[in-house]
Amino acid sequence: MIELPKDVRMIISMIEHSGFEAYVVGGCVRDTLMGRTPDDWDITTSARPEEIKKIFVKTVDTGIKHGTVTVIVRGQGYEVTTYRIDGEYTDGRHPSDVRYTRSLRDDLMRRDFTINAIAYNDSKGLRDEYGGLGDLQRRLIRAVGDPVDRFSEDALRMMRAIRFSAQLGFNIDGDTYKAIIAMSRGINQVSIERVQTELTKTLLSEHPEIVTEYQQTGLFLEILPELNSLLSSRDAQKVRPLLKNVPATKPMRYAALLSPLNSDTAKQILKKLRLDNATIDTAVNIIKYSKEEERISENEYSVREAMYRLGPRLLGQLFTYAEADINTKESVTGLPMRSRRIHLNTIKRYCDEIISRGDCVSLKDLDISGDDLMSMGLSGPEIGETLEWLLHIVLENPKLNEKQTLLAMLDTK
Ligand code: ATP
Ligand code: MG
């Protein structure tokens with residue numbers, strides 16, 4: 001039925017030999033049944049954490065508060081979690097105490113969606129108490145039990161429903177969807193970090209255009225009003241195909257999402273989402289300079305100048321983004337953008353040639369340094385200004401990047 005990795009089989013059978021139950025559960029079962037390779041194998045068990053620690057030589061208390069012990073086998077960690085009744089109510093109102101149970105059925109009941117509530121082991125086969133197999137077949141995201149109850153226990157599940165539908169290409173069951181609309185305000189209790197994780201996973205998925213569902217359901221109305229109004233405007237129709245066409249990286253997808261906004265507003269939203277600085281910087285720069293490639297003249301000097309001003313890395317990303325933008329506009333309008341495409345390809349070719357030749361495109365590549373200028377008696381802001389002046393000469397004519405030549409040039413300044 002399900003081919004378990006050897007170590008996972010071994011962990012399960014050791015727990016069973018000690019008189020307890022153990023199953024793989026959740027994402028790994030769902031993914032395997034769909035023919036996908038799971039990232040990790042989570043194990044659920046009737047044994048308590050102390051009991052698990054007695055069975056295995058090497059364990060780490062990674063989430064003991066939630067009943068999770070990590071079992072280490074041949075350098076690899078496997079999360080083993082005791083059957084629990086309650087979810088992780090991290091909305092600040094519920095105490096996060098854990099209630100253990102010896103019943104698998106009860107543990108499966110606390111899980112979010114039926115497709116995530118299937119367990120499996122080799123001795124008992126598939127344990128599907130809530131119709132997860134049928135929903136996998138029907139390609140449906142459906143809450144376990146009453147969706148209204150489940151979303152009031154943990155409001156993040158509403159975002160998870162949309163995120164899984166984007167990742168798996170599934171629809172959300174009608175009652176579950178209605179419950180999201182009815183309960184959407186509950187998301188205001190959830191920390192922005194958890195919201196961001198789900199939004200990011202949605203954007204990096206195979207169906208990033210599903211992001212508009214966060215507006216349709218009302219989930220973003222109060223937590224992210226600026227993004228909500230963007231997604232409800234006509235601009236959303238341009239954003240959806242662009243999202244699909246840019247590569248699945250955080251800066252690219254966030255830049256595409258926020259592309260109709262000015263870069264300052266985009267930055268505010270990304271900061272509010274507590275994204276890492278590298279993602280924020282790159283996404284904001286992509287938005288800010290995304291038309292830049294159109295402005296670079298078709299000569300090597302202009303391309304070197306752009307490489308210096310923007311940096312080769314950002315310029316490369318701007319090219320990738322521009323290409324996706326051209327493809328999107330062409331497929332939406334059905335009209336070829338021949339001249340913009342030719343222009344982009346010409347600039348890219350120049351850029352490749354400049355890189356392979358190793359032309360100087362930064363102050364650090366210059367064959368003269370601030371120290372050299374200081375030993376010639378220059379000081380203060382003069383040094384920076386002179387280096388900049390020399391760099392511009394070298395950007396125009398890379399052959400001049402030679403210390404003696406540059407020093408000689410200083411005499412003519
Ligand atoms: P992925 O790891 O690809 O995001 P997953 O299904 O493994 O997907 P996890 O967040 O790793 O998701 O959680 C593992 C399992 O724990 C889920 O499959 C689900 O059964 C349960 N689970 C996780 N978060 C919640 C939640 N907020 N409410 C209820 N059950 C949850
Ligand atoms: Mg997982």
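Residues numbered from 1 in each chain as written. Chains lettered and ligands numbered in written order. Predicted model: local features only at pLDDT ≥ 70, side-chain atom pairs only at ≥ 80, totals over all residues. Heavy atoms only, no water.

### What to know about the packing of helix α16 (residues 277-289) against helix α19 (residues 312-333)
What counts is decided by this rule: Where helices are involved, their axes are fitted lines through C-alpha atoms of the stretch in contact, as for all axes, and angles between N-to-C directions lie from 0 to 180°. Numbering of helices and strands runs from the N terminus, with a helix taken as a DSSP run of H or I at least four residues long and a strand as a DSSP run of E at least two residues long. By definition, turning the near helix anticlockwise from the far helix through less than a right angle yields a left-handed crossing, and turning it clockwise yields a right-handed one. Every residue pair with non-hydrogen atoms within 4.5 Å of one another is taken to be in contact. Residues are grouped as follows: Ala, Val, Leu, Ile, Met, Phe, Trp, Tyr, Cys and Pro are nonpolar; Asp, Glu, Lys and Arg are charged; all remaining types, including Gly, are polar.
Look at α16 against α19: their axes get within 10 Å of each other, and the N-to-C directions meet at 60°. α19 is crossed by α16, and the crossing has right-handed handedness. Here Thr 282, Asn 285, Ile 286 and Tyr 289 of α16 lie close against α19, whose contacting residues are Leu 314, Gln 317, Leu 318 and Tyr 321. A breakdown of the residues in the contact of α16 with α19 according to their chemical character gives five nonpolar, three polar and no charged.

### Focus: the packing of helix α18 (residues 300-310) against α19
Heads up, the rule is: Roughly parallel means an angle under 35 degrees; roughly antiparallel means over 145; roughly perpendicular covers 65 to 115; every other angle is labelled oblique.
Where α18 contacts α19, the axes come no closer than 6 Å and their chain directions differ by 110°. When the axes of α18 and α19 are compared, the pair comes out roughly perpendicular. Facing Ala 306, Met 307 and Leu 310 of α18, the residues of α19 in contact are Pro 312, Leu 314, Leu 315 and Leu 318. Across the contact of α18 with α19, the residue classes break down as seven nonpolar, no polar and no charged.

### With respect to the pairing of strand β1 (residues 22-25)
Rules: Each residue gets one of three labels from its accessible area relative to the maximum for its type: buried under 20%, exposed over 50%, partly exposed in between, using a 1.4 Å probe on protein chains only. Each pair of strands is called paired provided DSSP finds at least two bridges between the two strands.
Neither face of β1 is exposed, since Ala 22 and Val 24 on one face and Tyr 23 and Val 25 on the opposite face are all buried. The pairing of β1 with strand β2 (residues 43-45) spans three bridges and is classified as antiparallel. Its bridge partner being in β2, Ala 22 is matched across the sheet by Thr 45.

### Section: helix α1 (residues 6-17)
Our working definition: Each residue after the first adds 1.5 Å to the expected span of a helix. Starting at the helix axis, one direction is taken to each C-beta atom, and the arc is that of these directions.
Taking 1.5 Å of rise per residue, twelve residues should cover 16 Å, and α1 covers 16 Å from first to last C-alpha, within 8% of that figure. Of the positions making up α1, those classed as buried are Asp 7, Val 8, Ile 11, Ile 12 and Ile 15. Down the axis of α1, the sector holding all buried residues measures 135°, keeping them to one side. In α1, the exposed residues that point more than 90 degrees away from the buried face are Lys 6 and His 17.

### Observations concerning the site of ligand 1
To be explicit about the condition: Proximity is defined per residue: any heavy atom of the residue falling within 4 Å of a molecule or strand makes that residue near it. Pairs of N or O atoms are called polar contacts if they sit within 3.5 Å, as long as, within protein, a hydrogen donor faces a hydrogen acceptor (for residues adjacent in sequence, only side-chain-to-side-chain pairs). Residue-level accessible areas treat just the shown protein chains as cover; the underlying method is Shrake-Rupley with a 1.4 Å probe. Cavity: a set of points on a 1 Å grid over the protein atoms alone where a 1.4 Å probe fits but cannot get out. Pocket: an open set with protein on both sides within 12 Å along at least five of seven lines, its lining residues, like those of a cavity, having an atom within 4 Å of a point. Cavities and pockets are treated as containing a molecule whenever more than half of the molecule's atoms lie within 2 Å of their grid points.
Surrounding ligand 1, one finds 13 residues, the nearest of these being Arg 30, Asn 116, Asp 154, Arg 157 and Arg 163. The backbone of Asn 116 places a nitrogen or oxygen atom 3.0 Å from an oxygen atom of ligand 1. For ligand 1, an oxygen atom lies 3.3 Å from a polar atom in the side chain of Lys 201. Coverage of ligand 1 by the protein amounts to 77% of the 580 Å² it exposes when considered alone. Its atoms largely coinciding with the cavity grid, ligand 1 occupies the largest pocket. Of all the secondary structure elements, the ones that give two or more residues to the shell around ligand 1 are α2 (27-33) and α7 (156-168).

### A word on the side chain of Glu 198
On the secondary structure map, Glu 198 appears in helix α9 (residues 192-203). Judged by relative accessible area, Glu 198 falls into the buried class, the value being 3%.

### Remarks on unusual backbone geometry
The phi dihedral of Arg 139 is positive, around 55°, even though this residue is not glycine. Within the secondary structure layout, Arg 139 lies in the loop between α5 (132-138) and β8 (140-141).

### Some words on the layout of surface pockets
The condition is simple: Grid points are joined across faces, edges and corners, and a volume is the space filled by probe spheres set on the points. The start and end points of each domain follow an automatic or database-based domain assignment.
Its volume calculated, the largest pocket comes out at about 1,400 Å³. Together, 41 residues line the largest pocket, and Gly 27, Asp 42, Arg 160, Arg 163 and Phe 164 are the ones closest to its centre. For the lining of the largest pocket, the element with the most residues is α7, which contributes seven residues. Taken together, the residues of the lining of the largest pocket sort by class into eight nonpolar, 13 polar and 20 charged. Here the lining of the largest pocket gathers at least three residues from each of two domains, domain 1 (1-138) and domain 2 (139-232). Approximately 350 Å³ is the volume found for the second largest pocket. For the lining of the second largest pocket, the secondary-structure elements that each account for two or more residues are α13 (236-245) and α19. Here the element with the most residues in the lining of the second largest pocket is α19; it accounts for six residues.

### Describing the domain arrangement of the protein chain
Spelled out, the test is: Summed over both partners, the accessible area lost on bringing two parts together, with a 1.4 Å probe, is the buried area. Throughout this description, the term salt bridge denotes a Lys or Arg side-chain nitrogen within 4 Å of a carboxyl oxygen of Asp or Glu.
Under the domain assignment, the protein chain is made up of domain 1 (1-138), domain 2 (139-232), domain 3 (234-359) and domain 4 (363-412). Computed from C-alpha atoms alone, the centre-to-centre distance between domain 2 and domain 3 is 29 Å. With both chains or domains summed, domain 2 and domain 3 bury close to 1,900 Å², and 70% of this area falls on carbon and sulfur atoms. Among the residues domain 2 hides against domain 3, the three largest losses belong to Leu 203, Glu 209 and Leu 230. Together they make up 30% of the total. Summed over the shared surface of domain 2 and domain 3, the result is three salt bridges. Where Lys 244 meets Glu 209, a salt bridge forms, and the shortest distance between an N and an O atom there is 3.8 Å. Put simply, domain 2 and domain 3 have eight residue pairs in polar contact (both at pLDDT 80 or more) between them. For the side of domain 2 that touches domain 3, the secondary-structure elements that each account for two or more residues are α9 and α12 (225-232). Of the residues assigned to the side of domain 2 that touches domain 3, the class counts are twelve nonpolar, five polar and three charged.

### Here we look at the sheet that holds β1
A sheet is described by the order of its strands in space; here seven strands give the open sequence β3-β4-β5-β2-β1-β6-β7, paired in mixed fashion. Looking at which strands have only one partner, the edges of the open sheet turn out to be β3 (59-63) and β7 (125-128). Neighbouring strand axes in the sheet, compared pairwise and without regard to direction, differ in orientation by 35° on average. The pairing of β3 with strand β4 (residues 68-73) spans three bridges and is antiparallel.

### Considering the packing of aromatic side chains
Counted only if it meets this: In this scheme Phe, Tyr and Trp rings, the latter by its six-membered ring, pair at centre separations within 6.5 Å, and the angle between planes marks the pair as stacked below 30 degrees, edge-to-face above 60, and tilted otherwise. For a Lys NZ or an Arg CZ to count as sitting over a ring, it must be within 6 Å of the ring centre and within 35 degrees of the ring normal.
Evaluation of the coordinates by the stated rule reveals two aromatic pairs. On the numbers, 6.1 Å between centres and 80° between planes, the contact of Phe 113 with Phe 164 is edge-to-face. Of the two residues, Phe 113 is situated in the loop between α4 (104-109) and β6 (118-121) and Phe 164 in helix α7; the sequence distance between them amounts to 51 residues. The burial state of Phe 113 is the same as that of Phe 164; both residues are buried. Each ring, one from Tyr 214 and one from Phe 220, has its centre 4.8 Å from the other, and the planes form 15°; the classification is stacked. The ring of Phe 164 has Arg 163 sitting right over it, with the charged end atom 4.2 Å from the ring centre.

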